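# Summary of the model geometry
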Amino acid sequence: MSGTRVFARLLGALLLSLCLTSLLSAQHATDQEPGACVCPDGVTLAAPAWVRLPPPNLSVTAAYMTLGNSGDEDLTVVAAESPIAGTVELHEHLQDAAGVMRMRQVASLPLPAGGSLAMEPGGLHLMLIGLHQPLADGEIVPVTLHLGDGRSLEVAAEVRRARPGRDHEVHHHHGHQHH
Ligand SMILES: [Cu+2]
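Residues numbered from 1 in each chain as written. Predicted model: local features only at pLDDT ≥ 70, side-chain atom pairs only at ≥ 80, totals over all residues. Heavy atoms only, no water.

A few words on the overall build of the chain. For the chain, the count of helices and strands is one helix and 11 strands. Residues classed as buried in the chain amount to 38% of the 179 residues present. Long-range contacts, defined as pairs at least 24 residues apart, comprise 66% of the intrachain contacts of the chain with a sequence gap of at least 6. For the chain, the accessible area works out to roughly 10,100 Å², and carbon and sulfur atoms hold 55% of it. (Helix = DSSP H or I, 4+ residues; strand = E, 2+ residues; numbered from the N terminus. Buried < 20%, exposed > 50% of the residue type's maximum accessible area, 1.4 Å probe, protein only. Contact = heavy atoms within 4.5 Å. Areas by Shrake-Rupley, 256 points an atom, 1.4 Å probe, with all protein chains shown as cover.)

Six octahedral donors around a metal ideally make angles of 90 or 180 degrees; four tetrahedral donors ideally make 109.5 degrees. Coordination sphere of the copper ion, protein contribution only: H91 (ND1), M103 (SD), H125 (NE2) and M127 (SD), at 2.1 to 2.3 Å. Taken together, the four donor atoms coordinating the copper ion and their angles of 81 to 124° define a geometry best described as irregular. (Donors = N, O, S within 2.8 Å, 3.2 Å for Na, K, Ca; no water. Tetrahedral: all angles 85-135°; square planar, octahedral: opposite > 155°, others 65-115°.)

A covalent bond bridging the sulfur atoms of two cysteines is what the word disulfide describes. As enumerated under the stated definition, the model contains one disulfide in all. The side chain of C37 participates in a disulfide bridge whose partner is C39; the two sulfur atoms lie 1.8 Å from each other. Taking the torsion about the sulfur-sulfur bond, which here is approximately 100°, the covalent link between C37 and C39 counts as right-handed. Residue C39 is classed as partly exposed on the basis of its relative accessible area of 26%. (Disulfide = S-S within 2.5 Å.)

A few words now on the nonpolar core. Here is a general trend for soluble globular proteins: nonpolar side chains tend to be buried in one another's company. Ranked by internal contacts, the top residues of the largest apolar core, which has 32 residues, are M65, L67, L126, L128 and L145. Among all residues touching L126, those that are not within four sequence positions of it are T61, A62, A63, M65, A80, V88, E89, L90, L109, M119, V143 and L145. (Core = buried A, V, L, I, M, F, W, Y, C linked by side-chain atoms within 4.5 Å.)

The next subject is the confidence of the model for the chain. Overall, the predicted model of the chain reaches an average pLDDT of 83, with 73% of residues at or above 70. The model gives residues 14-26 a pLDDT under 50, and that stretch makes one contact with residues more than four places away or in other chains. Low confidence marks residues 167-179, where pLDDT is under 50. Its contacts with residues over four positions away, or in another chain, come to 30 contacts. (pLDDT = per-residue confidence, 0-100.)

Here the focus is the pairing of strand 9 (residues 125-131). Counting buried residues along strand 9, six of its seven residues qualify, which places the element largely inside the surrounding structure. Pairing of strand 5 (residues 85-95) with strand 9, which is carried by six bridges, proceeds in the antiparallel orientation. Among the inter-strand pairings, H91 is bridged to a residue of strand 9, identified as H125. (Pairing = 2+ DSSP bridges.)

Once the charged atoms of two side chains with opposite charge are near each other, the side chains can pair. The tally for this structure, following the rule as stated, stands at four salt bridges. For D96, the salt bridge identified is with R102, shortest N-O distance 2.6 Å. Overall, the relative accessible area of 23% leaves D96 in the partly exposed class. Taking relative accessible area as the criterion, R102 reaches 38% and is therefore assigned partly exposed. For the salt bridge of R161 with D137, the shortest nitrogen-to-oxygen distance reads 3.4 Å. In this pair, R161 is assigned in the segment after strand 11 (152-160) and D137 in the loop between strand 9 and strand 10 (140-147), connecting sequence segments 24 residues apart. Classification of R161 as exposed rests on a relative accessible area of 52%. (Salt bridge = Lys/Arg side-chain N within 4 Å of Asp/Glu carboxyl O.)

So, on to the packing of aromatic side chains. All chains considered together, the criterion is met by one aromatic pair. Judged by centre distance (4.8 Å) and plane angle (40°), the ring pair of W50 and Y64 falls under tilted. Remark: Y64 occurs in strand 3 (residues 60-69) and W50 occurs in strand 2 (residues 43-52); sequence separation between them is 14 residues. Judged by relative accessible area, which is 3%, W50 ranks as buried. For Y64, a relative accessible area of 3% translates into the label buried. (Phe/Tyr/Trp six-rings, centres within 6.5 Å; stacked < 30°, edge-to-face > 60°.)

Moving on: the environment of A113. Examined against the element boundaries, A113 turns out to sit in the loop between strand 7 (109-111) and strand 8 (116-119). Residues A113 and V43, 70 residues apart in the sequence, show an inter-C-alpha distance of 9.8 Å. Residues in contact with A113, not counting those within four places in the same chain, are N69, G71, D72, E73 and D74.

Structure (structure tokens):
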């Protein structure tokens, strides 16, 4: 083996170990307990994030959480993503003229200074569309939210059924063939 090739191999091994080190040292919300958040300054997870366990064969579900903003600046959530879904949309619920609750995609969700942003059944939520594989009750999935100011946060969301008595099942009409 020539000196150049040995050097190339050593360099490759060095780069690989650097990559692995940075991967291992990166903070991931899913390394922590459910409800954990890798949140930027001033942003808190005021109520744990959770993902509704979808019925079998349905590849769409919703994620909920409440964020707090202890800073002086109004913030917005402008996008979200999760490795478990092809697309994550920001949704709101609206009552149409016939009194039927419908979901609609919105461009951003407000997180006012000193206030909070509640994402909960029947209200604002994240829509996880195109689930890559079935979810299991109790599974922890990472969800990343991007803020309008360029910062982002990663939360550990627990997959669970709607809480009996607290989260009434919301049967909504939806463009992604709910029910
Ligand atoms: Cu929705």
